[in-house]
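Spelled out from the first residue to the last, the chains are:
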Amino acid sequence: MNAIIFSAVFGVLLMFSSFLFQNKSTQRNIAIVAIVLLLLANFAEQFGIWRIQVNNHGMLHFSSFGLLFNSIAIGITGLYFLLSGKDIEAIDSGSPADYYALIFFILCGVAVSSAYNSLLMLFIGIEIISIPLYILTGSDKRNLKSNEAALKYFLMGSFSTGIMLMGITLIYGAKATFNIDQITEMVHPGREAWFNAGLLLLLISLAFKVSAAPFHFWTPDVYDGAPTVFTSFMATIVKAAVFVAFIRLYATVFSASKYDWRLILSIIVAATLFIGNITAIFQQSVKRMLAYSSIAQAGFMLFALYAYNGISKEGLILYTFGYSVATVGIFAVLGRMKDYTFEGFNGLARTQPILAATTSIFLLSLAGIPLTIGFFSKYYMLAAAVKNGGHLWLVFFAILCAVVSVYYYFRVIQSMYFKTGDADTPFVTPLFKWTLVAMAAIVILLGLFPNLLLQYLYF
Amino acid sequence: MSITEILFWFLTVLAIGSALMVIVSKNPVYSVIFLILTFFAISGHYLLLNAQFLFIVNLIVYAGAIMVLFLYVLMLINLNADAEPMKNKWLKIAGTVAGGCFLLVMVAALRTVDTKGITAQVGGGDIGLIETLGKTLFSEYVVPFEVSSVLFLSAMVGAVVLGKK
C-alpha cells in the first residue's frame, strides 16, 4: 500500500511544483528526491518494517513478488530520471514537473497492477498506466509524428480497454464476483463457456498492452513517434508492469478454467518472436529497431506465462530487470544522438568511448550473451519451459530467434567500433557517464550472480 | 404478458435497433442521434431494475453531456464526401470475416450456457438506490473508488499539458 499512496501523493506534489518553482533543475531535483523516498517507502513495506494499514476488503493482495517488482520499477525510474532528466527538460512545451507528475501517476498504476486481487483493480491499474502514457506520447506537440502516434495509441488503447471490460463482464456473469480468490473457488458447471469467452477477451486485451504478435501493430509507430525519453519509459517499466499483472492473472484466473491455454499462448509466443526478430533486421533507424526488438523481447517474457512455475517467476523478475536497465541505457544514449540511423552511430567509440562501451554491454545483454544478466534471464525462461515439458519445439524456436537477434544488435556495435565516422553528441555530463557505468556494472554483476536479486523473492 | 415484460421487450428492440442504425446510417449526425436513443433505451432498462441513480446518471452523463459534445464536434469539423478517406475493399472483407468469426465464437459460447438461477429482480429490491450504492461504495469498494481519483487526476493533468501553448 505504501507505494500506491506515496506515488499518488508525490505526483500531486510535483503537479504543484510545476507552478511553485519555475526553475527546471529544481523540479528535477524534487522528482529525484521524491523517487528516492518512494523507493525507501516501498523497501519499508517489502522488508516488513513499516506499512500503511488499509482495510481493502480483499481488493489488493501484497506478495513478495509484487513488492520486489515495485522496488525494481521504482529503482529503474530513478536511474531513468538521472539519465534522461535533461531530455525531459528539452521538450519545449510545458514544464517538466508535469511530465514527472504523470510518471509518478504511472508508478501508482504499476503498484496497483502488481498487487490487484480483483478484476476491478486490474482494470483501474491498467488504465492509470495507459492514460498518462497517451499524453506523454503526444507531448511533443509541434511534431506531427508525435501527434499521430498519440492519437493512434489512444484509439487503439481505448479499443483494447473496451475488449478487456467486455471480458471482465463475461467473467462476472459466469462467476458473479470480481474477486480473484472467489473466481478460482466458485464453480458453475453450466457457465464454463461463458467464463472461457471472457478469458479469451482478457487475453487479447492484455496481449495488446504488452504488444504480443497479432496485436503488435501499434508498437513501432507509437514507439517511433513518441519523444525518445518517453519511448524509453513505456518500452521498459510499463511493459514489465503489464507482464506482472498478466502473470498473476494467468496463474490464478486462467488456471481456474478447464481449457488448456498453452496452445493459444504457444502460438502467440512463436508469432511474437518471429515477427519481432525478422522485422527488426530490416530497420534502418535504431529507434525503430529497438521498437521491434522490444516486441521480440516480449516474446521471451511471454515464456513466463506459457510455462508458469517457480523458475518462470524468478525468470520474469530477472528478465524485467535486465531488459529495463539495458533498454533505458540504450535509449538514453540514443536520445543524445543527432542521427537515429545506424550510420549515425559510426565512430562513436572514438568520440565517446565510455558511451560506446556501456552501450555495447547493454546490447550484449539484450542479445543474451553470457556474463550479462540477459543471458541468465533468457536461460531461466527457457529452463522453465523445459521443466514443464511439452511443446519443446518452442524452446528451439526461441533459441533460433535469439541467434537472429544477435545480428541486429551487433550491427550497432559494428557501427560504433569498426566504422569510421564522426558520431556527434552534445556535451555529456559526468553524472550521465557515471550513471551509465553503474548500470553496466549492475548488468555484469547480476550476470555473474543473479541470486543477488532473486534472494529478495523469498522474504 | 405483464406491463414490465412489454416494456422490457420494447426497450430491448429499441436499443438493438437504434444501435444497428448507428452503424448503418451514412450521415454521422444521424448516427449520434441514434446513439442518444440507444442510451435512453438502456437507461430505461436500469429503471426496470429499480436502479434509479444509475438511470439518471446515465442520462445526464452519456445522453446529456458526452453526446452533446459529440454533436458539437461533428458540426465543427468539415464532413464532406471528399474528405472521406479511401476505404480498402480487402480491409472491409477482412474486417467482416473477423467480426463474423467473433460473433460465431460468442454465439457458440453463450448458446450452451445454463442461465437458470440467474434472474434479475425486477421492479423491486434496493440495490440500485442511492443509499445502498453510497454505503457499498464507501465500505466494500472504497479502495477502487479512491484509487480511481488518481486516474481522473492524471487525465486532468494531461488535458492541461496538452492544452497549454
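Conventions and cut-offs
- Residues numbered from 1 in each chain as written.
- Chains lettered and ligands numbered in written order.
- Predicted model: local features only at pLDDT ≥ 70, side-chain atom pairs only at ≥ 80, totals over all residues.
- Helix = DSSP H or I, 4+ residues; strand = E, 2+ residues; numbered from the N terminus.
- Buried ≥ 20, exposed ≤ 12 C-beta atoms within 10 Å, placed from the backbone.
- Contact = placed C-beta atoms within 7 Å.
- Rg over C-alpha atoms; globule rule 2.2 N^0.38 Å.
- Domains from an automatic or database assignment.
- Nonpolar A, V, L, I, M, F, W, Y, C, P; charged D, E, K, R; others polar.
- Core = buried A, V, L, I, M, F, W, Y, C linked by C-beta atoms within 7 Å.
- Expected span 1.5 Å × (residues − 1).
- Arc of directions from axis to C-beta.
- Axes fitted to C-alpha atoms, helices over the stretch in contact; angles between N-to-C directions.
- Parallel < 35°, antiparallel > 145°, perpendicular 65-115°, else oblique.
- Left-handed = near helix turned anticlockwise from the far one by under 90°.

Bringing the overall build of chain B into the picture now. The helix and strand inventory of chain B stands at 6 helices and 0 strands. Scanning chain B from its N terminus toward the C terminus, one meets helices and strands in the order α-α-α-α-α-α. The 165 residues of chain B split such that 12% are buried. Within chain B, counting contacts between residues at least 6 apart in sequence, those at least 24 apart form 58% of the total.

Another aspect to go through is the overall build of chain A. Secondary structure assignment for chain A yields 19 helices and 0 strands. Relative to the compact-globule value of 23 Å for 459 residues, chain A shows a C-alpha radius of gyration of 21 Å, a close match. The buried share among the 459 residues of chain A stands at 59%. Expressed as a percentage of contacts within chain A between residues at least 6 apart in sequence, the contacts between residues at least 24 apart total 81%.

Where interface size is quoted, it is often the accessible area lost as the parts come together. Residues and elements named next belong to chain B. Domains assigned within chain B are domain 1 (3-81 + 88-128) and domain 2 (129-165). Contacts between the two partners involve 5 residues from domain 1, matched on the other side by 4 residues from domain 2. The residue inventory of the side of domain 1 that touches domain 2, partitioned by class, reads 2 nonpolar, 2 polar and 1 charged.

Here we come to the nonpolar core. Residues and elements named next belong to chain A. Counting 186 residues, the largest nonpolar core has L302 and F303 as its most contacted members. The dominant element in this core, judged by the number of residues it contributes, is helix α10 (residues 228-252), at 17 residues. In contact with F303, not counting residues within four places along its chain, are V269, S312, M381, L382, A384 and A385.

Think of an α-helix as turning once every 3.6 residues; residues three or four places apart then point the same way. Residues and elements named next belong to chain A. In this model helix α11 (residues 262-281) runs 29 Å from its N-terminal to its C-terminal C-alpha over 20 residues, within 8% of the 28 Å that 1.5 Å per residue would give. Those residues of α11 not exposed but buried are L265, S266, I268, V269, T272, L273, G276, N277 and A280. Along α11, the residues classed as buried sweep out an arc of 165 degrees about the axis, all on the same side.

This paragraph deals with the environment of V437 of chain A. Residues and elements named next belong to chain A. On the secondary structure map, V437 appears in helix α18 (residues 430-448). C-alpha of V437 to C-alpha of E148: the two residues are 289 residues apart in sequence and 36 Å apart in space. Setting aside chain neighbours within four positions, we find V437 in contact with I354 and T358.

Here we come to the interface of chain B and chain A. On the chain A side, the residues contacting the 22 residues of chain B number 32 residues. Mapped by element, the contributors of at least two residues to the side of chain B that touches chain A are α4 (89-111) and α6 (142-163) of chain B. Per element, the largest residue contribution to the side of chain B that touches chain A is 13 residues, and it comes from α6 of chain B. Class assignment of the residues belonging to the side of chain B that touches chain A gives a composition of 15 nonpolar, 4 polar and 3 charged.

In this section: unusual backbone geometry. All names here are of chain A. Although it is not a glycine, H57 adopts a positive phi angle of roughly 55 degrees. Tracing the chain through its elements places H57 in the loop between α2 (24-46) and α3 (64-90). A tally of 15 C-beta atoms within 10 Å means that H57 is categorised as partly exposed. Despite not being glycine, A176 has its phi angle at roughly 60 degrees, a positive value. Since 13 C-beta atoms lie within 10 Å of it, A176 is described here as partly exposed.

The next thing to look at is helix α6 (residues 144-175) of chain A. All names here are of chain A. Helix length check: α6, at 32 residues, gives a terminal C-alpha distance of 46 Å against a target of 46 Å (1.5 Å per residue), a fit within 8%. Contact partners of the buried residues in α6: α5 (119-137), α7 (180-185), α8 (192-209) and α9 (218-225). Following α6 by one or two positions, A176 has its phi on the positive side, about 60 degrees.

Residue and element names in this part refer to chain A. Taken domain by domain, chain A holds domain 1 (1-258) and domain 2 (260-459). With centres defined by C-alpha atoms, the gap from domain 1 to domain 2 works out at 22 Å. Residue-level contacts link 40 residues of domain 1 with 38 residues of domain 2. Mapped by element, the contributors of at least two residues to the side of domain 1 that touches domain 2 are α3, α9 and α10. Taken together, the residues that form the side of domain 1 that touches domain 2 break down as 27 nonpolar, 10 polar and 3 charged.

All names here are of chain A. For E45, the location among the structural elements is in helix α2. Here the alpha-carbon distance between E45 and M1, two residues 44 residues apart in the chain, equals 8.0 Å. If we skip the residues at most four places from it in the chain, E45 touches N2, R51 and L67.

Turning next to the packing of helix α12 (residues 286-306) of chain A against helix α17 (residues 392-418) of chain A. Residues and elements named next belong to chain A. Close contact between α12 and α17 brings their axes to 11 Å; oriented N to C, the two are set at 160 degrees. What the angle tells us is that α12 and α17 run roughly antiparallel. The handedness of the crossing between α12 and α17 comes out as left-handed. Contact with α12, carried on its side by V286, M289, S293, A296 and F300, involves A398, C401, S405, Y408 and V412 of α17 and no other residues of that element.

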